[in-house]
Amino acid sequence: MKILSIETSCDETAVSVIDATGSFETGDFSMTVLGNSLLSQMALHAEFGGVFPGLAKREHQKNLVPVLTDALTQAGMFGSSDSEVENTDALSDTLAKEGVLLEQTLAFLSKTAKPEIDAIAVTYGPGLEPALWVGIVFAKALALAWGIPIIPVNHMEGHIMVSLLQKTAQSRYSIAAILFPAVSLLVSGGHTEIVVSQEWMRYEVVGQTRDDALGEAFDKVARLMQLPYPGGPEISRLAEIARIEELPPAYKQTRPMIHSKDLDFSFSGLKSSIRRLIESQPTWSDTEKQQLAREFEDTVTDTVVSKVREALTTYGAQTLVVGGGVSANKHLRLSLESAAHDMDVAIYLPTAANATDNALMIALAGYFRVQAGSHGQPEAIVAHGTLALS
Ligand code: KG4
Ligand code: ZN
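First things first, this report covers the structure right here in the doc. Everything numeric in this text was worked out from a predicted model, so none of it was measured.

Bringing the sheet that holds strand β12 (residues 346–348) into the picture now. In spatial order, the strands read β10-β9-β8-β11-β12; together these five strands make up an open sheet with mixed pairing. With partners counted over all chains shown, the strands left at the sheet margins are β10 (204–208) and β12, one partner each. The sheet shows a mean angle of 20° between the axes of neighbouring strands, direction not considered. Strand direction decides the pairing type here: strand β11 (residues 319–323) and β12, joined by three bridges, are parallel. Considered in β12, the bridge of Val321 is made with Tyr348.

Shown next as structure tokens:
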């Protein structure tokens, strides 16, 4: 089955095309990536020190047709056509919600032959609603014009599934035959969650942040330290220098929530403590910044690892899955690997490219959702900014 996927939940405009067969249960799943295209708006949002929803929406509107064209071209599915677009009235109604998309999309459809796609998967949440809407409306228009079904996908399920991919050949993947119960740690710019699965595609959120997400904490602390956005990779780079150069530990911070009796997180107190620390010292040398970055990274890693250990024990888990942008963090990855090894639990981490937002994860989750029988009624698909996993 060939699936085209669309992801616009935050600041990446992404489209991919996969050809997948088999199922998780029978262990014969296999997938070929035919096309995978992504345009990041990171540089634009850097100016604001975070993602600005109105700007994200405008950029998605501008970028979707070029990104789709690129993905279809990679897949060898981009062909020209001069046939009339059918359903123009219904299409115009669908697209009217997103004015700017209207002309561009109709122009694209009028000169593009229908590709051999069986279904369109689109992220409907969680994320920034104005950004989500652009992808949803675009997906609805394509589904209508091409007469194929549309599958709404939960972005977080995509983050979990993409971490389970195993490369078998160039552009070909299988999925890990994980054992249950499984615990998933999802850490991104918008989310910090611990999720338990007793079986494939069943989720229970058992812990989450009460304030800032982990990626947000990295980004905010980086901003306080006057480092460029997004701050996660930058803090990680400085912390790494402190470790390699064996700088003495300094600026000791309390590990937030480490003794709370639940699986929740809170990072805003740590951020405030670091703000006070930064303001208490008029200048910061490069070495001091490296020491501070290391202390921040060590602090959040200690908390996250401790909560994950607790979750693995509480639920008798046999598998740990890690996903989301912050799972690109090297120190966190190594610490989680060592904890999982210690506890005799199998761990699955995403590749660097699959850690941050992309459309491949949406195609993958879309395929498994189709298999589970969940076709969406186009009218019923709406953006859901705070969509939870369940
Ligand atoms: O999953 P993602 O691409 O987008 C959201 O859905 O939020 O995650 C982006 C977040 C940003 O906050 C970024 O700073 C963080 O992931 N991030 C990292 C690293 N790479 C990306 N945080 C810490 N260390 C990294 N190496
Ligand atoms: Zn994400």
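Counting across every chain of the model gives 17 salt bridges. With its nearest N and O atoms 3.4 Å apart, the salt bridge here joins Glu59 to Arg58. Since its relative accessible area comes to 5%, Glu59 is described here as buried. A salt bridge links Asp298 to Arg294; the shortest N-O distance between them is 3.2 Å. In this pair, Asp298 and Arg294 both sit in helix α10 (residues 286–314), four residues apart, roughly one turn of the helix. On the basis of relative accessibility, which here comes to 15%, the residue Asp298 falls in the buried class. Salt bridges linked by common partners bring Arg210, Asp262, Asp264 and Lys307 together as one network.

Per the stated rule, a full pass over the model turns up ten aromatic pairs. Ring centres of Phe24 and Phe180 lie 6.1 Å apart, and the angle between their planes is 70°; this geometry places the pair in the edge-to-face category. On the criterion of sequence distance, the pair formed by Phe24 in the loop between β2 (12–21) and β3 (30–40) and Phe180 in the loop between β7 (172–175) and β8 (182–187) is long-range, its members being 156 residues apart. Note on Phe29 and Tyr367: the rings are 5.6 Å apart at their centroids and 50° apart in plane angle, and the pair reads as tilted. Placement of Phe29 in the loop between β2 and β3 and of Tyr367 in helix α13 (residues 360–371) is noted, with a sequence separation of 338 residues between them. Here Phe29 matches Tyr367 in class, with each residue buried. Put simply, the rings of Phe24, Phe29, Phe180, Trp200, Tyr367 and Phe368 pair up and form one aromatic cluster.

Another point: the coordination of the zinc ion (ligand 2). Taken together, His155 (NE2), His159 (NE2) and Asp357 (OD) make up the protein donors of the zinc ion (ligand 2), found 2.1 to 2.2 Å from the metal. Taken together, the four donor atoms surrounding the zinc ion (ligand 2) define angles of 91 to 152° at the centre, an arrangement classified as irregular. A relative accessible area of 4% places His155 in the buried class. On the basis of relative accessible area, His159 is assigned to the buried category, the value being 1%.

Our next topic: the site of ligand 1. Close contacts around ligand 1 come from 18 residues, with Gly189, Asp219, Gly325, Asn329 and Asp357 the closest. Between an oxygen atom of ligand 1 and a side-chain N or O atom of Asp219, the distance comes to 2.7 Å. A distance of 3.1 Å separates an oxygen atom of ligand 1 from a polar atom in the side chain of Asp357. Put simply, ligand 1 lies in the largest pocket. Looking at the shell around ligand 1 element by element, the count peaks at three residues for helix α7 (residues 214–224). Along the lines of polarity and charge, the residues of the shell around ligand 1 split into five nonpolar, eleven polar and two charged.

Viewed as axis vectors pointing N to C, helix α2 (residues 53–74) and helix α5 (residues 129–146) meet at an angle of 35°, and their least axial separation amounts to 8 Å. Both α2 and α5 take part in a crossing whose hand is right-handed. Of the residues in α5, those touching α2 at Pro53, Ala56, Lys57, His60, Gln61, Leu64, Val65, Leu68 and Leu72 are Pro130, Ala131, Val134, Gly135, Phe138, Leu142 and Trp146.

Looking at where Val137 falls in the secondary structure, it is placed in helix α5. It is 9.4 Å that separates the C-alpha atoms of Val137 and Pro378, two residues lying 241 residues apart in sequence.

What follows is about the environment of Ala14. Its place among the elements puts Ala14 in strand β2. Residues Ala14 and Met42, spaced 28 residues apart in sequence, show a C-alpha to C-alpha distance of 13 Å. Not counting the four nearest positions on each side in its chain, Ala14 is found in contact with Ser5, Ile6, Glu7, Ser37, Leu38, Val67, Asn358 and Ala359.

The next thing to look at is the nonpolar core. Core analysis: the largest hydrophobic core is formed by 44 residues, its most contacted members being Phe296 and Leu320. At the level of secondary structure, the elements contributing two or more residues to this core comprise β8, β9 (192–197), α7, α8 (231–244), α9 (268–279), α10, β11 and α11 (330–342). For this core, the element with the highest residue contribution is α10, accounting for nine residues. Phe296 has contacts with Ala217, Phe218, Val221, Ile235, Leu270 and Ile274, leaving out every residue within four places of it along the chain. In this structure, Ala20, Phe29, Val162 and Tyr348 belong to the second largest nonpolar core, which totals 39 residues.

Bringing the pairing of strand β4 (residues 119–125) into the picture now. Across the seven residues of β4, six count as buried, placing the element largely inside the fold. Bridge analysis of strand β1 (residues 2–7) against β4 gives four bridges, and the strand direction is parallel. Counted as the bridge partner of Ser5 is Ala121 from β4. Sheet topology places β4 next to strand β5 (residues 150–154); five bridges connect them, and they run parallel. Bridge pairing links Ala121 to Ile151 in β5. Between the parallel elements β4 and β5, the chain passes through α5 in a crossover that is right-handed.

How each quantity is defined
- Residues numbered from 1 in each chain as written.
- Chains lettered and ligands numbered in written order.
- Predicted model: local features only at pLDDT ≥ 70, side-chain atom pairs only at ≥ 80, totals over all residues.
- Heavy atoms only, no water.
- Pairing = 2+ DSSP bridges.
- Helix = DSSP H or I, 4+ residues; strand = E, 2+ residues; numbered from the N terminus.
- Axes fitted to C-alpha atoms, helices over the stretch in contact; angles between N-to-C directions.
- Salt bridge = Lys/Arg side-chain N within 4 Å of Asp/Glu carboxyl O.
- Buried < 20%, exposed > 50% of the residue type's maximum accessible area, 1.4 Å probe, protein only.
- Phe/Tyr/Trp six-rings, centres within 6.5 Å; stacked < 30°, edge-to-face > 60°.
- Donors = N, O, S within 2.8 Å, 3.2 Å for Na, K, Ca; no water.
- Tetrahedral: all angles 85-135°; square planar, octahedral: opposite > 155°, others 65-115°.
- Near = heavy atom within 4 Å.
- Polar contact = N/O pair within 3.5 Å; in protein donor to acceptor, adjacent residues only side chain to side chain.
- 1 Å grid on protein atoms, 1.4 Å probe; cavity = no way out; pocket = protein on both sides within 12 Å on 5 of 7 lines; lining within 4 Å.
- Sits in = over half its atoms within 2 Å of the grid points.
- Nonpolar A, V, L, I, M, F, W, Y, C, P; charged D, E, K, R; others polar.
- Left-handed = near helix turned anticlockwise from the far one by under 90°.
- Contact = heavy atoms within 4.5 Å.
- Core = buried A, V, L, I, M, F, W, Y, C linked by side-chain atoms within 4.5 Å.
- Right-handed = clockwise from strand over helix to strand, strands pointing away.

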